[in-house]
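# Secondary and tertiary structure notes
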Amino acid sequence: SSNNFAAESAIEEFAIFDRWGNKVFQKNDILPNDSSPGWDGSFNGKPVKAGVYVWYAKIVLPDGSEELLQGDVTVKR
């Protein structure tokens, strides 16, 4: 088996939350190199306010184990 991340791993869940903990974006079952499901900075069809948003991703590795990643992104308007 190859060690190609894109071919054998997947982002099982990717979510972004505002500072109050409201989920503003979620996508499931994303291939790592697929840019199409990215967040466009909106929620319910309207641009979100400028600020810091927290994201997390649940990654399934080739051996079937899961890894949780998290961070933040700043939206500027």
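Described below are features of the structure shown in this document. (Residues numbered from 1 in each chain as written. Predicted model: local features only at pLDDT ≥ 70, side-chain atom pairs only at ≥ 80, totals over all residues. Heavy atoms only, no water.)

## Concerning the packing of aromatic side chains
In total, this model carries 4 aromatic pairs according to the counting rule given. Between Phe-14 and Phe-25, the ring centres sit 6.0 Å apart and the planes meet at 70°, which makes this aromatic pair edge-to-face. With Phe-14 in strand β1 (residues 10-17) and Phe-25 in strand β2 (residues 23-30), the pair connects residues that are 11 residues apart, well separated along the chain. With a centroid separation of 6.1 Å and 40° between ring planes, the pair formed by Phe-14 and Trp-55 is classed as tilted. Of the two residues, Phe-14 is situated in strand β1 and Trp-55 in strand β5 (residues 51-60); the sequence distance between them amounts to 41 residues. (Phe/Tyr/Trp six-rings, centres within 6.5 Å; stacked < 30°, edge-to-face > 60°. Helix = DSSP H or I, 4+ residues; strand = E, 2+ residues; numbered from the N terminus.)

## Considerations on the nonpolar core
Generally speaking, soluble globular proteins have nonpolar side chains that are buried together. Counting 7 residues, the largest nonpolar core is built from Ile-16, Val-24, Phe-25, Trp-39, Val-48, Tyr-53 and Val-75. With near-sequence residues (within four places) excluded, Tyr-53 lies in contact with Ile-16, Phe-17, Asp-18, Val-24, Trp-39, Val-48, Gly-71, Asp-72, Val-73 and Val-75. (Core = buried A, V, L, I, M, F, W, Y, C linked by side-chain atoms within 4.5 Å. Buried < 20%, exposed > 50% of the residue type's maximum accessible area, 1.4 Å probe, protein only. Contact = heavy atoms within 4.5 Å.)

## Side note on the layout of surface pockets
Size it by volume and the largest pocket reaches roughly 250 Å³. The set of elements that each furnish at least two residues to the lining of the largest pocket consists of β4 (46-47) and β5. For the lining of the largest pocket, the leading source of residues is β5, giving 3 residues. (1 Å grid on protein atoms, 1.4 Å probe; cavity = no way out; pocket = protein on both sides within 12 Å on 5 of 7 lines; lining within 4 Å. Points joined across faces, edges and corners; volume = space filled by probe spheres on them.)

## A closer look at the pairing of β2
In this sheet, β2 lies alongside β1 in antiparallel orientation, the contact comprising 6 bridges. Paired with Phe-14 across the bridge in β2 is Lys-27. (Pairing = 2+ DSSP bridges.)

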